[in-house]
Amino acid sequence: MAAIRHRLEAEKGEWLIYVVDAGQGLHFQTIFSGARKAGWYKPQQKRVEHVGFGVVLGEDRKKFKTRSGETVRLVDLLDEGLKRAGLKLKEKERDKVLTEEELKEAQIAVAYGCIKYADLSHNRIGDYVFSFDKMLDDKGNTAAYLLYAYMRIRSIARLANVSDTALAKAAMSTSVDLNHPKEWKLAKCILKFPDVVIKMHEDLLIHSLCDYLYELTTAFTEFYDNCYCVEKDRKTGEILKINMGRLLLCEAAGNTILAGFNILGIKPVSRM
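The rules behind the values
- Each chain carries its own residue numbering, running from 1 in the written order of its sequence.
- Where local features are concerned, this predicted model is filtered to residues with pLDDT of at least 70; where side-chain atom pairs are given and counted, the filter is 80 or more; whole-chain, interface and lining totals use all residues.
- The basis for the side-chain values is all heavy atoms of the structure; hydrogens and waters are excluded.
- Comment: elements are numbered from the N terminus, with helices defined as DSSP H or I runs of at least four residues and strands as E runs of at least two.
- Think of it in three bands: residues with accessible area under 20% of the maximum for their type are buried, residues over 50% are exposed, and the middle band is partly exposed, with areas taken using a 1.4 Å probe on protein chains only.
- Any two residues whose heavy atoms approach within 4.5 Å at even a single point are treated as in contact.
- Working definition of accessibility: Shrake-Rupley area with a 1.4 Å probe, residue cover restricted to the visible protein chains.
- Asp and Glu count as negative and Lys and Arg as positive, but His and the ends of the chain are not part of the count.
- Charged side chains are reduced to one point each, which is NZ for Lys, CZ for Arg, CG for Asp and CD for Glu.
- Consider the strands pointing away from the viewer: the crossover is right-handed when the path from the first strand over the helix to the second runs clockwise.
- Each salt bridge in this description consists of a side-chain nitrogen of Lys or Arg and a carboxyl oxygen of Asp or Glu lying within 4 Å of one another.
- Here a pair means two rings of Phe, Tyr or Trp (six-membered ring of Trp) with centres within 6.5 Å. Their orientation is stacked below 30 degrees between planes, edge-to-face above 60, and tilted elsewhere.
- Pairing between two strands requires that DSSP report at least two bridges joining them.
- Only residues whose relative accessible area exceeds 30% and that take part in no salt bridge are eligible for patches, with like-charged residues grouped when within 9 Å of each other and nonpolar side chains (Val, Leu, Ile, Met, Phe, Trp, Tyr) grouped when within 5 Å.
- Lines are fitted to the C-alpha atoms to define the axes, a helix being fitted only along its stretch in contact, and any angle between axes, read from their N-to-C directions, falls within 0 to 180 degrees.
- Should an angle fall under 35 degrees it is taken as roughly parallel, and over 145 as roughly antiparallel, whereas 65 to 115 is taken as roughly perpendicular and any remaining angle as oblique.
- Residues are sorted three ways: Asp, Glu, Lys and Arg are charged, Ala, Val, Leu, Ile, Met, Phe, Trp, Tyr, Cys and Pro are nonpolar, and all the rest, Gly among them, are polar.

Caption draft 1: Layout of the overall build of the protein chain. Counting its secondary structure elements, the protein chain contains 11 helices and six strands. Its C-alpha atoms give the protein chain principal-axis dimensions of roughly 75 × 50 × 30 Å. Per-residue burial for the protein chain yields a buried fraction of 38% across its 272 residues. Sequence separation of 24 or more characterises 73% of the internal contacts of the protein chain that already satisfy a separation of 6 or more. Summing over all exposed atoms, the protein chain offers an accessible surface of approximately 16300 Å²; the carbon and sulfur share of this is 53%. A distance of 3 Å separates the average location of the 42 positive side-chain charges in the protein chain from that of its 37 negative side-chain charges.

Caption draft 2: Expanded view of the pairing of strand E1 (residues 15-19). What you see with E1 is a clean split: Leu16 and Tyr18 sit on the buried side and Trp15, Ile17 and Val19 on the side with no burial. For the segment spanning E1, helix H2 (residues 25-37) and strand E2 (residues 47-51), crossover handedness is right-handed.

Caption draft 3: Looking closely at the pattern of salt bridges. In this structure the tally under the stated criterion is 11 salt bridges. Here Asp76 makes a salt bridge to Arg73, at a shortest N to O gap of 3.0 Å. In this structure, a network of salt bridges that share partners links the residues Lys182, Lys185 and Glu222.

Caption draft 4: Highlighting the packing of aromatic side chains. Per the counting criterion, the structure on display carries eight aromatic pairs. When the ring of Phe28 is compared with that of Phe32, the centres are 5.8 Å apart and the planes differ by 40°; the resulting orientation is tilted. Of the two residues, Phe28 and Phe32 are both situated in helix H2; the distance of four residues between them amounts to about one turn of the helix. Just as Phe28 is buried, Phe32 falls in that class too. Ring centres of Tyr150 and Phe261 lie 5.8 Å apart, and the angle between their planes is 70°; on these two criteria the pair is classed as edge-to-face.

Caption draft 5: Examining the environment of Gly54 more closely. Tracing the backbone shows Gly54 in the loop between E2 and strand E3 (56-57). As for Gly54 and Ala219, which are separated by 165 residues in sequence, their C-alpha atoms are 31 Å apart. Apart from the residues within four sequence positions on either side, Gly54 is in contact with Arg124, Ile125, Gly126 and Asp127.

Caption draft 6: View of the pairing of strand E6 (residues 239-242). Where strand E5 (residues 230-232) and E6 come together, three bridges link them in antiparallel fashion. Bridge pairing in E6 places Lys232 opposite Ile239.

Caption draft 7: Up close: a nonpolar patch on the surface. A cluster of nonpolar residues, Trp15, Ile17, Val19 and Phe53, forms a patch on the protein surface that exposes about 360 Å² of accessible area. Counting through the fold element by element, Ile17 comes out in strand E1. By relative accessible area, Ile17 is classed as partly exposed at 42%.

Caption draft 8: Broad picture of the packing of helix H7 (residues 164-173) against helix H11 (residues 244-264). One way to put it is that H7 packs onto H11 with a least axis distance of 10 Å and a crossing angle of 110°. With respect to H11, the axis of H7 lies roughly perpendicular. Across the interface between the two elements, Leu167, Ala170 and Ala171 from H7 touch Met244, Leu247, Leu248 and Glu251 from H11. In terms of residue class, the contact of H7 with H11 is made up of six nonpolar, no polar and one charged.

Written out as structure tokens, the structure is:
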């Protein structure tokens, strides 16, 4: 009680967030209720909330621990993630097309991004099963899938020899004609982003952003499979036509995914 009073009155806190496991929910309800009755804050003027979280389970559905029964240290978890991400990239023979520096950057991005995303993509209130194999899978709602999708989006304009400057100039004068159903679907999905952020701000449930990013990348994949952005000669590979409106739609999707990554603390790379 002394701590919450100090934070509200001495430190002039306007929004207090207590990130403590869900098992302490009743304790914080009692503290918050007591602070309100004491007249230290009014819910209409200040936010005081308990952000509870569940337990991380191993694949045996017991508390996530080492074989010896000890708590898994974060540094060991990150090191294991780096090791497995490196093996996954080599399994896909990315070491044959990436430089040593690019491979290292991709390894770090995949490992750390996947561990963060595996934690944040689940409803924090419930328990969840931690699995490295599922976490590093490049299919489904995982950071690996999102990172690959983002990289592909960014490569479209680059492979068409359209610079960022040219895209910015085109955005000032080129209309984006949403004639195909998949264009409409992608555009509407992009426009949902502000609502997702507002909802997340209100309920403090970050997994809704992860669900949205997966929905957006899925919508983009459907759009890309059905709507050409760059038309090439099948024999020579020469670029015949560039649909600038669709490239701008790709750019909007990429920028939205990047904004989501920034919120989640995930760092993408240009090549993977």
